[in-house]
Amino acid sequence: MGNPLNFACGGCDELAARLAALDRGAPGPGPSVRAAHQLIASGLARIKSILDNLRRYLSVGDAQLVATDLAEEIDQALELAAERLRSAGVRVDKQIARLPVLWTRPGENHQVLLNMIGNAIEAMPGGGALRVTAHAHDRTVELAVSDTGPGVADEDRDRIFEPFFTTRRDAGGTGLGLAVAREIVMRHGGTIRVEAADGAGARFAVSLPRREAGER
Ligand SMILES: Nc1ncnc2c1ncn2[C@@H]1O[C@H](COP(=O)(O)OP(=O)(O)OP(=O)(O)O)[C@@H](O)[C@H]1O
Ligand SMILES: [Mg+2]
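Remember, predicted model here, so these are calculated numbers, not experimental data.

### Remarks on the site of ligand 1
Turning to step 1, where the next piece is worked out: Among the 20 residues in the neighbourhood of ligand 1, the closest are listed as Asp 147, Thr 166, Thr 167, Arg 168 and Thr 174.
Turning to step 2, where the next piece is worked out: Side-chain polar atom of Thr 167 to an oxygen atom of ligand 1: 2.4 Å apart, as the coordinates give it.
Turning to step 3, where the next piece is worked out: In this structure, an oxygen atom belonging to ligand 1 sits 2.7 Å away from a side-chain N or O atom of Arg 168.
Turning to step 4, where the next piece is worked out: The protein chains hide 90% of the 590 Å² of surface that ligand 1 would expose on its own.
Turning to step 5, where the next piece is worked out: More than half of the atoms belonging to ligand 1 lie within 2 Å of the grid points that define the largest pocket.
Turning to step 6, where the next piece is worked out: Taken together, the elements giving at least two residues each to the shell around ligand 1 come down to α5 (108-123), α6 (177-187) and β7 (202-209).
Turning to step 7, where the next piece is worked out: With 4 residues, α5 is the single largest residue contributor to the shell around ligand 1.
Turning to step 8, where the next piece is worked out: Residue composition of the shell around ligand 1, by class: 9 nonpolar, 8 polar and 3 charged.

What follows is the structure, given as structure tokens:
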């Protein structure tokens, strides 16, 4: 799979071979040297954008756990995405039950929610419905985001949480959204999985542990 570092390294190897040929008296740099340089330059530009994203994503990683009202976090994330949802013609259906207080890091929930909501919007370019649900079980709270897009192909299901896996490279996807979401959820002791939504589309379900304040 296209890890940009591999592209950049491949380009470097190619350049090194060409330069070695130059040292042996071959003609001056030609198109393939320029192509190798292009490969390196585009690989490095992608690495830069990925690192910029990572820095933004993980900048809140060391914050303290605080008492969190997940329903409020969901409202705020939907508010932040409101303009994108509106212009994509995506209808929002929200079903939030009474939830216990959760201990989480502020900002990180937002990131998880926004990554899932962003993916859902991208999966429904012609509009559709976004469903956000949350309800409490005995030991966990389950939050789910589903859409009416094409869903995740069976062969991709095991890979979509891997860093850099994307089917949206042409649209600027870095393949980090779900990898970061999974990292955050795991740091909170939770799990994230994908399943087929009722009817059509994808459903991403996050399960977070309920903890008493003393168990922090
Ligand atoms: N709601 C969804 N419907 C269909 N496929 C999805 C959905 N969400 C994620 N995917 C698939 O999972 C892949 C990985 O998602 P992820 O959010 O990690 O990266 P991305 O959206 O491609 O890029 P980035 O989030 O970095 O901009 C996507 O490229 C897409 O193939
Ligand atoms: Mg994404």
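Continuing now.
### A short note on the side chain of Arg 203
Turning to step 1, where the next piece is worked out: Relative to the helices and strands, Arg 203 resides in strand β7.
Turning to step 2, where the next piece is worked out: Of the residues examined, Arg 203 reaches a relative accessible area of 18% and is grouped as buried.
Turning to step 3, where the next piece is worked out: Not counting residues within four places of it along the chain, the set of residues in contact with Arg 203 comprises Thr 133, Glu 142, Ala 144, Val 145, Ser 146, Arg 193, Val 194, Glu 195, Ala 196 and Ala 197.

### Digging into the pattern of salt bridges
Pairing of side chains with opposite charge becomes possible as their charged atoms draw close.
Turning to step 1, where the next piece is worked out: Counted under the stated rule, the structure contains 14 salt bridges.
Turning to step 2, where the next piece is worked out: Close ionic contact of Glu 108 with Arg 105 constitutes a salt bridge, the shortest N to O distance being 3.4 Å. Taken individually, Glu 108 and Arg 105 each receive the classification buried, so the pair is uniform in this respect.
Turning to step 3, where the next piece is worked out: Note that Glu 195 is salt-bridged to Arg 193, the shortest N-O span being 3.0 Å.

### Concerning the layout of surface pockets
Turning to step 1, where the next piece is worked out: Of the pockets and cavities examined, the largest pocket occupies roughly 840 Å³.
Turning to step 2, where the next piece is worked out: Residue lining of the largest pocket: 32 residues in total, with Asn 119, Glu 122, Thr 166, Arg 168 and Leu 178 positioned closest to the centre.
Turning to step 3, where the next piece is worked out: Of all the elements in the fold, those that place two or more residues in the lining of the largest pocket are α2 (31-58), α5, α6 and β7.
Turning to step 4, where the next piece is worked out: The dominant element in the lining of the largest pocket, judged by the number of residues it contributes, is α5, at 7 residues.

### Topic: the side chain of Thr 166
Turning to step 1, where the next piece is worked out: Relative to the helices and strands, Thr 166 resides in the loop between β5 (140-146) and α6.
Turning to step 2, where the next piece is worked out: Among the polar contacts listed, one links the side chain of Thr 166 to the backbone nitrogen of Arg 168, at a separation of 2.8 Å.

### Some words on the nonpolar core
Burial of nonpolar side chains together is a common tendency in soluble globular proteins.
Turning to step 1, where the next piece is worked out: Membership of the largest hydrophobic core comes to 38 residues, with the highest contact counts inside it found for Ile 117 and Leu 130.
Turning to step 2, where the next piece is worked out: Elements with a contribution of two residues or more to this core: α3 (70-80), α5, β4 (128-136), β5, α6, β6 (191-196) and β7.

### Some thoughts on the packing of aromatic side chains
Turning to step 1, where the next piece is worked out: Overall, the coordinates contain 1 aromatic pair when judged by the stated rule.
Turning to step 2, where the next piece is worked out: An angle of 75° between the planes, with centres 6.3 Å apart, marks the rings of Phe 161 and Phe 204 as edge-to-face. With Phe 161 in the loop between β5 and α6 and Phe 204 in strand β7, this pair connects stretches of sequence that are 43 residues apart.
Turning to step 3, where the next piece is worked out: You can call Phe 161 buried: its relative accessible area is 9%.

### Brief notes about empty space enclosed by the protein
Turning to step 1, where the next piece is worked out: A full pass over the atoms with the stated rule returns 2 cavities of 30 Å³ or more.
Turning to step 2, where the next piece is worked out: Taken as a whole, the largest cavity encloses approximately 80 Å³ of empty space.
Turning to step 3, where the next piece is worked out: A total of 3 residues in the lining of the largest cavity trace back to one element, the largest contributor, which is α5.
Turning to step 4, where the next piece is worked out: When the residues that make up the lining of the largest cavity are grouped by side-chain class, the tally is 8 nonpolar, 2 polar and no charged.
Turning to step 5, where the next piece is worked out: A volume near 40 Å³ is recorded for the second largest cavity.
Turning to step 6, where the next piece is worked out: If you trace the second largest cavity, you find it lined by Leu 102, Trp 103, Thr 104, His 188, Leu 208, Pro 209 and Arg 211.
Turning to step 7, where the next piece is worked out: Broken down by secondary-structure element, the contributors of at least two residues to the lining of the second largest cavity are β3 (102-104) and β7.
Turning to step 8, where the next piece is worked out: Looking at the lining of the second largest cavity element by element, the count peaks at 3 residues for β3.

Cut-offs and rules
Residues numbered from 1 in each chain as written. Chains lettered and ligands numbered in written order. Predicted model: local features only at pLDDT ≥ 70, side-chain atom pairs only at ≥ 80, totals over all residues. Heavy atoms only, no water. Near = heavy atom within 4 Å. Polar contact = N/O pair within 3.5 Å; in protein donor to acceptor, adjacent residues only side chain to side chain. Areas by Shrake-Rupley, 256 points an atom, 1.4 Å probe, with all protein chains shown as cover. 1 Å grid on protein atoms, 1.4 Å probe; cavity = no way out; pocket = protein on both sides within 12 Å on 5 of 7 lines; lining within 4 Å. Sits in = over half its atoms within 2 Å of the grid points. Helix = DSSP H or I, 4+ residues; strand = E, 2+ residues; numbered from the N terminus. Nonpolar A, V, L, I, M, F, W, Y, C, P; charged D, E, K, R; others polar. Buried < 20%, exposed > 50% of the residue type's maximum accessible area, 1.4 Å probe, protein only. Contact = heavy atoms within 4.5 Å. Salt bridge = Lys/Arg side-chain N within 4 Å of Asp/Glu carboxyl O. Points joined across faces, edges and corners; volume = space filled by probe spheres on them. Core = buried A, V, L, I, M, F, W, Y, C linked by side-chain atoms within 4.5 Å. Phe/Tyr/Trp six-rings, centres within 6.5 Å; stacked < 30°, edge-to-face > 60°.

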